[in-house]
Amino acid sequence: MRKEITIGAAQLGPIARSDSRKVVVERLIELMRKAKKSGCDIVVYPELALTSFFPRWYMENQEDVDSFFEHEMPGTATKPLFQFAVENEIGFYLGYAELSQESGTVHRYNTSILVDKNGKIVGKFRKVHIPGHFDHEPSWSFQHLEKRYFESGNLGFPVWESEGVKMGMCICNDRRWPETYRVMGLQGVEVVLLGYNTPTHYPPNESPEADALTLFHNHLSMQAGAYQNSTWVVGVAKAGCEEGCDMIGQSAIIAPSGEIVAQSVTLGDELVAAVCDLDLGRPYRENHLNLGMHREIDSYQLITERKGVGPPLGKRSSG
Ligand code: CDV
């Protein structure tokens with residue numbers, strides 16, 4: 001028997017800064033209701049799905065920043081989502097800002113969780129590739145202060161087996177890095193779930209050429225990751241004009257062949273679903289993309305050592 005999972009990509013339209021968690025969770029539940037009607041086993045929400053994309057604002061007061069973070073999961077506002085999931089036997093991926101206490105120290109991460117049909121959190125991922133900048137840039141039309149508000153994730157890129165399916169997670173900018181998919185590919189991942197908030201124009205990058213390719217690069221990175229690692233990839237946007245900032249949509253469900261099998265067509269709340277046949281990865285995984293058989297790890301190391309190739313040091317903070 002072929003192994004299948006039906007996945008819903010629950011794209012969200014804009015969330016206003018003044019919107020309460022309660023209002024947003026009602027929208028998430030409405031999308032979950034649609035996903036259930038479409039026969040979905042799991043529904044995927046965007047990055048930071050509970051609030052407006054707050055790194056676009058410079059905030060001096062830490063209390064203001066922390067008002068966008070969840071101190072517990074589930075908390076009072078998110079419990080109804082978990083309840084609805086249990087009652088309807090549907091799993092979900094949820095992105096949110098996580099405030100955690102580790103050995104008496106406060107940490108802030110850009111996080112996603114994988115919740116199974118029993119409402120149990122079976123996986124947690126913390127965004128590794130934190131984009132943007134640390135310092136306030138008053139001349140820009142909006143900020144992208146993720147480097148100021150989040151630490152880089154400390155959980156790696158694990159793969160969890162849930163409902164008999166090997167699932168992995170990443171968040172937004174992680175999708176542009178080949179290592180993200182490869183680390184999960186080496187663990188035999190079958191489905192990668194991810195949410196994103198991608199502005200159509202990134203202020204410091206004065207490049208109309210790059211802006212024009214924003215949609216292309218979104219799909220290019222996810223399709224390449226899917227094909228090169230023989231895995232399904234489900235990428236879900238927070239889309240539309242949010243607090244004056246235009247963000248891309250085009251949420252997509254991508255097969256291990258690299259083909260897009262379902263894609264959103266609006267910039268608002270929209271559910272697209274697809275039956276994902278997990279055996280579709282097998283011809284690639286077992287033949288010319290067999291990672292165990294054909295990767296030449298020694299050669300990669302030799303080449304980088306000989307040429308002294310290494311990443312340039314990026315500016316992380318003004319400190
Ligand atoms: N939220 C993100 O990680 N956004 C980045 C932008 C800043 C380029 C992205 O990779 O889409």
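Everything below is about the structure shown above.
Residue indices follow the written sequence of each chain, beginning from 1 at its first position. Note on the predicted model: pLDDT of at least 70 is required for a residue's local features to be given, and 80 or more for side-chain atom pairs to be given and counted; whole-chain, interface and lining totals, by contrast, use all residues. In computing side-chain properties, one takes all heavy atoms of the structure into account and sets aside hydrogens as well as water.

K.L.:
Can you help me understand the site of the ligand in this one?
P.N.:
Around the ligand sit Glu 47, Phe 53, Lys 127, Pro 131, His 144, Glu 146, Cys 172, Asn 173, Arg 175, Arg 176, Asn 197 and Thr 198, and that is every residue in its neighbourhood. N or O atoms closer than or at 3.5 Å make up a polar contact, with two conditions inside protein: a donor-capable atom paired with an acceptor-capable one, and, for residues adjacent in sequence, both atoms drawn from side chains. With respect to the ligand, the side chain of Asn 173 contributes an N or O atom lying 2.8 Å from an oxygen atom. With respect to the ligand, the side chain of Thr 198 contributes an N or O atom lying 2.6 Å from an oxygen atom. Here, Shrake-Rupley sampling with a 1.4 Å probe gives the accessible areas, and only protein chains in the shown set may cover a residue. Against a free-state accessible area of 310 Å², the protein chains account for coverage of 91% of the ligand. When residues are sorted by character, Ala, Val, Leu, Ile, Met, Phe, Trp, Tyr, Cys and Pro go into the nonpolar class, Asp, Glu, Lys and Arg into the charged class, and all the rest, Gly among them, into the polar class. A per-class count over the shell around the ligand returns 3 nonpolar, 4 polar and 5 charged. For this purpose, a residue is taken to be near a molecule or strand whenever a single non-hydrogen atom of the residue falls within 4 Å of it.

K.L.:
It is not clear to me how the packing of helix α1 (residues 21–37) against helix α3 (residues 79–88) should be interpreted in this structure. Could you clarify?
P.N.:
Two quantities define a packed helix pair, namely the angle between the helix axes and the distance between the axes. For every element, the axis is a line fit to its C-alpha atoms; helices are fit only across the contacting stretch, and the angle between N-to-C directions ranges from 0 to 180 degrees. Here a helix means four or more residues in a row that DSSP labels H or I, a strand means two or more in a row labelled E, and each is numbered from the N terminus. At a minimum axis separation of 10 Å, α1 and α3 run at an interaxial angle of 15 degrees. By the angle class used here, α1 and α3 are roughly parallel. Of the two elements, α1 crosses α3, and the hand of that crossing is right-handed. Residues Val 25, Leu 28, Ile 29, Met 32, Arg 33 and Lys 36 of α1 touch α3, and the partners they reach there are Pro 80, Leu 81, Phe 84, Ala 85 and Asn 88. Residue composition of the contact of α1 with α3, grouped by class: 8 nonpolar, 1 polar and 2 charged. Oblique is the label for every angle not falling under 35 degrees (roughly parallel), over 145 degrees (roughly antiparallel), or within 65 to 115 degrees (roughly perpendicular). Left-handed describes a crossing whose near helix is turned anticlockwise from the far helix by less than a right angle; the clockwise case is right-handed. The contact definition used throughout considers only heavy atoms, calling two residues in contact when any of these lie within 4.5 Å.

K.L.:
Could you clarify how one ought to interpret helix α7 (residues 214–228) in this entry?
P.N.:
When the terminal C-alpha atoms of α7 are compared, their 21 Å separation across 15 residues agrees well with the 21 Å that a helix rising 1.5 Å per residue should span. Three or more residues of α7 are buried, namely Thr 214, Asn 218, His 219, Ser 221, Met 222, Gly 225 and Ala 226. Projected down its long axis, α7 carries its buried residues within an arc of 155 degrees, all on one side. In this structure, the buried residues of α7 make contact with α5 (178–185), β8 (191–196), α6 (208–212), β9 (232–237), β12 (252–254) and β13 (260–263). Just past α7, the residue Ser 230 takes up positive phi, approximately 55 degrees. Here a helix's expected span is defined as the number of its residues, less one, multiplied by 1.5 Å. With a 1.4 Å probe rolled over the protein chains alone, any residue whose accessible area is under 20% of its type maximum counts as buried; one over 50% counts as exposed, and the rest are partly exposed. In this context, the arc is that of the directions from the helix axis out to the C-beta atoms.

K.L.:
Looking at this structure, I do not really get unusual backbone geometry. What am I missing?
P.N.:
With glycine set apart, most residues show a phi of negative sign, and most peptide bonds adopt trans. With an omega of -5 degrees, the peptide bond between Met 73 and Pro 74 qualifies as cis. Within the fold, Pro 74 resides in the loop between α2 (62–66) and α3. The backbone phi angle of Glu 243 is positive, close to 50 degrees, even though this residue is not glycine. For Glu 243, a relative accessible area of 40% puts it in the partly exposed group.

K.L.:
Sorry, what's going on with the nonpolar core here?
P.N.:
Side chains of a nonpolar character, in soluble globular proteins, are inclined to be buried together. Among buried residues, the Ala, Val, Leu, Ile, Met, Phe, Trp, Tyr and Cys ones that are joined through side-chain atoms within 4.5 Å form a nonpolar core. In terms of nonpolar packing, the biggest core is built from 43 residues, with Ile 5, Val 191 and Leu 193 touching the most fellow members. Membership of the second largest hydrophobic core comes to 27 residues, among which are Ala 10, Leu 81, Ala 85 and Ile 90.

K.L.:
Would you mind going over α1 with me for this structure?
P.N.:
Three or four residues apart is the spacing at which side chains of an α-helix point the same way, because the helix has 3.6 residues per turn. Here α1 is 17 residues long and its end C-alpha atoms lie 24 Å apart, about the 24 Å a rise of 1.5 Å per residue gives. Residue Gly 39 follows α1 closely and has a positive phi angle near 80 degrees.

Any link to function would need more than the numbers given here.
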